Amino acid sequence: MADEHLSPLDLAFWNLDSPGHPMHLGAVAVFDRDPERAVDADGLAALLTARAEAVPRMRQRVKDVWYGVGGAAWAADASFDARHHVHAVRSADDRAAVAELMARPMDRHRPPWEVYVIEGAPDAPFRVLVKLHHALADGLRAVEFGAALLDQGARDPAPTRAAPSAASRSAADRGPSPGSHLPALPLPDPRQVVASLPERVREAGRVLGIGSAVLRASLDPGGPAALGAAWTPGGAERRFATASLDVDDLHHVRKTSGGTVNDVVMAVVAGALRHWMEARGDDPAGPGPRALIPVARRRRRGVRGGRGNSISGYLLRLPVGEPDPLARLRDVRAGMDRNKDAGPDTGPGAVALLADSVPPLAHRFAAPLLAASARLLFDVLVTNVPMLDVPLSLDGCRMTELYPIAPLARGQSLAVACSTYRRRVHIGLLADAGSLPDADALAAALHGALAELLDACG
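Residues numbered from 1 in each chain as written. Predicted model: local features only at pLDDT ≥ 70, side-chain atom pairs only at ≥ 80, totals over all residues. Heavy atoms only, no water.

Peer 1: Can you walk me through the overall build of the protein chain in this structure?
Peer 2: In terms of helices and strands, the protein chain carries 11 helices and 15 strands. Among the 458 residues that make up the protein chain, the fraction classed as buried is 48%. In the structure as shown, the protein chain presents an accessible area of about 22,200 Å², 58% of it carried by carbon and sulfur atoms. (Helix = DSSP H or I, 4+ residues; strand = E, 2+ residues; numbered from the N terminus. Buried < 20%, exposed > 50% of the residue type's maximum accessible area, 1.4 Å probe, protein only. Areas by Shrake-Rupley, 256 points an atom, 1.4 Å probe, with all protein chains shown as cover.)

Encoded structure:
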């Protein structure tokens, strides 16, 4: 099987990776113990190791390629051993353990994923942290990988297909025989060239439009200084905190005040940031933080690297300066409606789409510049990760909670990721420890912001 080239956006994620700001996603699953039998971290790690062996994508690593200078492809890791990727960890403070593990970069010479079974007290729930490099999976594919490791998703390894015989391969597959001439490259049909010109003009206009929007966004004043983080060349300490909200409460606010559940979640985040800033003695007045909200998209035909990430995004100025919770929700709704009317193909949030128009070699040179400029475009990442809303378990132990984790860009201090599982919205906060040592206080403020909205709705 031919190696699969990384899609342009995945190549960008791979090149954006740095020791201080690793570009991997994460998810922490919480499991109740089976009362009928004992389970331990080492046994669970062995089970997860065996299941990971059966997932073909988990056996692939990224390698450089000659064709398409500067590009990279997924290739089978000849020395793959899942035991290098699955580990048992014992810690009395599971959140501190998750924060430390998320700050660690992964070995770029191996398949870019890791799994940790985190065990605390013998009778307490245990946790499983899954780390996947953003080049390997977006939010939806990360869910697919995680599900493959659980009881309902585990499958026996598929039998290896026999290689086709030489007689069954075409002459093109075998290549030219000795002494033969290489076939001439076909010239493009002039009619096809002419027919494609309007699309090329539209593509150029689209690129210029996004570039102009990015420039305007970079000139727009940034958000609160509390959400800025200094660049650290070697590594950065993290904080991890969680919150769990009742879906029925979010739907009650939506039905009473209009909009979508996602609008309500964004208003809750804005309210939590306001209360957190006030508790720190910071003034929430002034320009609110700019939130980047990723939007998954279908990959367009004709783009190299047919699989992989294809995302755009919306930018939303969070109204943290507004004291009225319902007014904050109205501001969020109005901002999101404007974004949806314009569509995800325009504006600075669509900057990821430009990756399709950049040659592979340019990604390597542009990545350091993009990493340094992320703070100019947005202040906080807020993403919603889709989740299978069915009961899940590991070795018979019921999964009760699932907290997604988004990566931190350089110069930023907070990433907020949400997923819905079993009638709860689970929110994972990954924060820069130097700027947000009190991430737990911000997580608690999410509950207060939702309660404030519920009171206002009556």
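Peer 1: Even after reading the chapter, I still don't get the confidence of the model for the protein chain, so can you show me in this structure?
Peer 2: One rule of thumb: low pLDDT means the predicted coordinates there are not for detailed reading. The predicted model of the protein chain averages 79 in pLDDT, with 71% of residues at 70 or higher. In the model of the protein chain, helix α5 (residues 171-174) stands out as the element of lowest mean pLDDT, 35, in contrast to strand β8 (residues 238-246), which has the highest, 97. Counting interchain partners and residues more than four positions distant, the pLDDT-below-50 stretch residues 155-188 has seven contacts. (pLDDT = per-residue confidence, 0-100. Contact = heavy atoms within 4.5 Å.)

Peer 1: Please explain the sheet that holds strand β7 (residues 126-133) as it appears in this structure.
Peer 2: Through backbone hydrogen bonds, the strands of a sheet pair up, either in parallel or in antiparallel fashion. As summarised here, the arrangement of the six strands in space is β5-β6-β7-β2-β13-β12, forming an open sheet in which the pairing is mixed. Taken across any chain shown, the strands that pair with only one partner, and hence form the sheet edges, are β5 (86-90) and β12 (393-394). Sheet topology places β5 next to strand β6 (residues 113-119); five bridges connect them, and they run parallel. Within β6, the residue paired with Val86 across the bridge is Val115. In this fold helix α3 (residues 94-103) packs onto β2 (24-31), β6, β7 and β13 (397-405), with an angle of close to 15° to the strand it touches most, β7. (Pairing = 2+ DSSP bridges. Axes fitted to C-alpha atoms, helices over the stretch in contact; angles between N-to-C directions.)

Peer 1: Is there a simple way to think about the environment of Ala406 in this case?
Peer 2: Examined against the element boundaries, Ala406 turns out to sit in the loop between β13 and β14 (414-421). On the basis of relative accessible area, Ala406 is assigned to the buried category, the value being 4%. Residues Ala406 and Leu430, 24 residues apart in the sequence, show an inter-C-alpha distance of 7.0 Å. When residues no more than four places from it in sequence are discounted, the contact partners of Ala406 are Leu381, Thr383, Ala415, Ala417 and Leu430.

Peer 1: Mind showing me how you'd approach the pattern of salt bridges here?
Peer 2: Proximity of charged atoms lets side chains of opposite charge pair with each other. Under the counting rule described, the total for this entry stands at 23 salt bridges. Here Glu278 makes a salt bridge to Arg274, at a shortest N to O gap of 3.3 Å. Of this pair, Glu278 and Arg274 both sit in helix α8 (residues 261-280), four residues apart, roughly one helical turn. Taking relative accessible area as the criterion, Arg274 reaches 11% and is therefore assigned buried. (Salt bridge = Lys/Arg side-chain N within 4 Å of Asp/Glu carboxyl O.)

Peer 1: What am I meant to see in unusual backbone geometry here?
Peer 2: Across the chain, the bulk of peptide bonds are trans and the bulk of non-glycine residues have phi less than zero. Of note in the backbone geometry, Asp395 takes a positive phi value of approximately 50° without being a glycine. Here Asp395 is to be found in the loop between β12 and β13. Non-glycine residue Arg422 carries a positive phi angle of around 55°. For Arg422, a relative accessible area of 39% corresponds to the partly exposed category.

Peer 1: I'm lost on the packing of helix α7 (residues 247-257) against helix α11 (residues 439-457) in this one. Help?
Peer 2: The description of two packed helices rests on the angle between their axes and on the distance between the axes. One way to put it is that α7 packs onto α11 with a least axis distance of 10 Å and a crossing angle of 40°. With respect to α11, the axis of α7 lies oblique. Between α7 and α11 lies a crossing whose hand is left-handed. From α7, Asp249, Leu250, His252, Val253, Thr256 and Ser257 reach across to α11, where they touch Leu450, Leu453, Leu454 and Cys457. Split into classes, the residues belonging to the contact of α7 with α11 amount to six nonpolar, three polar and one charged. (Parallel < 35°, antiparallel > 145°, perpendicular 65-115°, else oblique. Left-handed = near helix turned anticlockwise from the far one by under 90°. Nonpolar A, V, L, I, M, F, W, Y, C, P; charged D, E, K, R; others polar.)

Peer 1: Sorry if this is basic, but what is going on with the sheet that holds strand β3 (residues 60-64) here?
Peer 2: Taken in spatial order, the three strands make up an open sheet running β1-β4-β3, and their pairing is antiparallel. Looking at which strands have only one partner, the edges of the open sheet turn out to be β1 (4-5) and β3.

Peer 1: Can you walk me through the packing of aromatic side chains in this structure?
Peer 2: Centre-to-centre distance and the angle between the planes together describe a pair of aromatic rings. Inspection of the entire model under this criterion finds one aromatic pair. When the ring of Phe31 is compared with that of Phe126, the centres are 5.2 Å apart and the planes differ by 15°; the resulting orientation is stacked. Of this pair, Phe31 sits in strand β2 while Phe126 sits in strand β7, and the two are 95 residues apart along the sequence. Each member of the pair Phe31 and Phe126 is classed as buried. (Phe/Tyr/Trp six-rings, centres within 6.5 Å; stacked < 30°, edge-to-face > 60°.)

Peer 1: Looking at this structure, how should I read α7?
Peer 2: Count 3.6 residues to each turn of an α-helix, and residues three or four apart come out pointing the same way. Residues of α7 that are buried: Val247, Leu250 and Val253. Taken end-on, α7 shows its buried residues confined to a sector of 125°, consistent with a single buried face. Tucked inside the fold, the buried residues of α7 contact β8, α8, α9 (325-342), β14, β15 (424-432) and α11. Residue Asp246 occupies the N-cap position of α7, its side-chain oxygen lying 2.8 Å from the main-chain nitrogen of Asp248. Note on α7: the residue one or two positions beyond its end, Gly258, has a positive phi of about 85°. (Arc of directions from axis to C-beta. Polar contact = N/O pair within 3.5 Å; in protein donor to acceptor, adjacent residues only side chain to side chain.)

Peer 1: Just checking my understanding: could you explain the packing of α8 against α9 for this structure?
Peer 2: At a minimum axis distance of 9 Å, the contact between α8 and α9 shows a crossing angle of 130°. The angle between α8 and α9 falls in the class oblique. Remark: the crossing between α8 and α9 carries right-handed chirality. Taking contact as the criterion, the partners of Asn262, Asp263, Val264, Met266, Ala267, Ala270, Gly271, Arg274 and His275 in α8 are, on α9, Arg328, Leu329, Val332, Arg333 and Met336. When the residues that make up the contact of α8 with α9 are grouped by side-chain class, the tally is seven nonpolar, three polar and four charged.

Peer 1: I'm lost on the pairing of β13 in this one. Help?
Peer 2: Regular strands place side chains that alternate from one sheet face to the opposite one. One ladder, built from six bridges, connects β2 with β13; its direction is antiparallel. Following the sheet pairing, Ala27 is matched in β13 by Pro404. Strand direction decides the pairing type here: β12 and β13, joined by two bridges, are antiparallel. When the sheet's bridge partners are listed, Leu394 is paired in β13 with Cys397.

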